[in-house]
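Residue strings, one per chain:
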Amino acid sequence: MTPTNDSAPLATTPPPGRIVRATQSLAHGFRQMIGAQAIPTPSVDPQLVRLSVIERSAEVVRYTLWRAEHWLSPGGTLRAVLRLSTKLALLIGIPVLTIGPVVLLLLEGAAAASASLVAIAANLAAMSISLIAAVLGFAVLTALLRTFLRRK
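The following refers to the structure shown. (Residues numbered from 1 in each chain as written. Predicted model: local features only at pLDDT ≥ 70, side-chain atom pairs only at ≥ 80, totals over all residues. Heavy atoms only, no water.)

## Quick look at the overall build of the chain
Of regular secondary structure, the chain possesses 3 helices and 0 strands. When the elements of the chain are put in sequence order from the N terminus, they spell out α-α-α. Taking 2.2 N^0.38 as the reference for a compact globule, 152 residues should give roughly 15 Å; the C-alpha atoms of the chain span a radius of gyration of 42 Å, well beyond that estimate. Along the first, second and third principal axes, the C-alpha atoms of the chain reach 150 × 60 × 25 Å. Of all 152 residues assigned to the chain, the portion counted as buried reaches 6%. Long-range contacts, defined here as pairs at least 24 residues apart, represent 66% of the contacts in the chain between residues at least 6 apart. When the accessible surface of the chain is summed, it comes to about 13400 Å², and 72% of that surface belongs to carbon and sulfur atoms. Here the chain holds 14 positive side-chain charges and 6 negative ones, and the gap between their average locations is 31 Å. (Helix = DSSP H or I, 4+ residues; strand = E, 2+ residues; numbered from the N terminus. Rg over C-alpha atoms; globule rule 2.2 N^0.38 Å. Buried < 20%, exposed > 50% of the residue type's maximum accessible area, 1.4 Å probe, protein only. Contact = heavy atoms within 4.5 Å. Areas by Shrake-Rupley, 256 points an atom, 1.4 Å probe, with all protein chains shown as cover. Lys, Arg positive; Asp, Glu negative; His and termini not counted. Charge placed at Lys NZ, Arg CZ, Asp CG, Glu CD.)

## Overview of the pattern of salt bridges
For the structure shown, the criterion picks out 2 salt bridges. Its salt-bridge partner being Glu-59, residue Arg-62 comes within 2.3 Å of it at the nearest N-O pair. Placement of the pair is Arg-62 and Glu-59 together in helix H2 (residues 53-72), with a separation of 3 residues, close to one helical turn. The partly exposed category is assigned to Arg-62, whose relative accessible area is 25%. Of the charged contacts, one joins Glu-69 and Arg-79 as a salt bridge, the two residues approaching to 2.8 Å between their closest N and O atoms. Of this pair, Glu-69 sits in helix H2 while Arg-79 sits in helix H3 (residues 77-151); the two residues are 10 residues apart in sequence, bridging distant segments of the chain. (Salt bridge = Lys/Arg side-chain N within 4 Å of Asp/Glu carboxyl O.)

## Remarks on the packing of helix H1 (residues 18-34) against H3
Closest axis-to-axis distance for the H1/H3 pair is 9 Å, and the angle between their directions is 50°. Taken together, the axes of H1 and H3 are oblique relative to one another. Note on packing geometry: the crossing formed by H1 with H3 is left-handed. Counting all contacts with H1, which are made through Phe-30, Arg-31 and Ile-34, the residues of H3 involved are Thr-77, Ala-80, Val-81 and Leu-84. A breakdown of the residues in the contact of H1 with H3 according to their chemical character gives 5 nonpolar, 1 polar and 1 charged. (Axes fitted to C-alpha atoms, helices over the stretch in contact; angles between N-to-C directions. Parallel < 35°, antiparallel > 145°, perpendicular 65-115°, else oblique. Left-handed = near helix turned anticlockwise from the far one by under 90°. Nonpolar A, V, L, I, M, F, W, Y, C, P; charged D, E, K, R; others polar.)

## What to know about the packing of aromatic side chains
For the coordinates displayed, the defined rule picks out 0 aromatic pairs. The ring of Trp-66 has Arg-62 sitting right over it, with the charged end atom 4.5 Å from the ring centre. (Phe/Tyr/Trp six-rings, centres within 6.5 Å; stacked < 30°, edge-to-face > 60°. Lys NZ or Arg CZ within 6 Å of the ring centre and 35° of its normal.)

## Regarding the side chain of Glu-59
Exposure remark for Glu-59: the relative accessible area of 10% places this residue in the buried category. Those residues in contact with Glu-59, other than ones at most four positions away along the chain, are Ser-43, Val-44, Asp-45, Leu-48 and Leu-51.

## Let's talk about H3
With 75 residues, H3 extends 104 Å between its outermost C-alpha atoms, agreeing within 8% with the 111 Å of an ideal straight helix rising 1.5 Å per residue. At Ile-99, H3 shows its maximal bend, which comes to roughly 40°, and the proline Pro-101 appears one to four places after that position. (Expected span 1.5 Å × (residues − 1). Bend = angle between axes of the 7 residues up to and from the residue.)

## Some remarks on the side chain of Thr-77
With respect to the helices and strands, the residue Thr-77 is situated in helix H3. When neighbours within four sequence positions are excluded, Thr-77 is seen to be in contact with Phe-30, Arg-31, Ile-34 and Ala-36.

So, in C-alpha cells, the structure goes:
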C-alpha cells in the first residue's frame, strides 16, 4: 500500500437542525432583550503578593466569586436576570410596603364596622321578633277578653 497525497476528508458534524437553530435564536433574542453582556474572564490582581493579609483575602474571595460567576454564565445572562429580578422586586415591593399598611388599616376598620353592623342587624331582628310576639300576644289577649266579656 502506497501513501497518497489525497487526505481523507475529516468527519464533520452536520449543521444544526431547525429546532436547534430556533432555540439558539430565541436564547440570543432573550439575552439581547434583558441586556446581557459578556463577562470578561477574571484575572488575579498582579499586585497580590504585595497586598496585606486582609486585602489579599478580599482579592482571593473576589476572584473566586467572579470565576464562579464566569463559569455559571459567561454570556452574562445570569447577571442580567438577577438585575431584572431586582428591579421587578423593587417595582412591586416598594408600593406594597408603602401602601400595604394603609390598606390593612382600612380593611381592619371595615371588618370592625361589619361586625358592628352584624350586631345591629341581630338586635333589630331580635327586636322585630319580640314586637311580633308582643303584637300576637296582645291580639290573643284581646280576643280572650272579648270572648269572656261577651259571655257575661
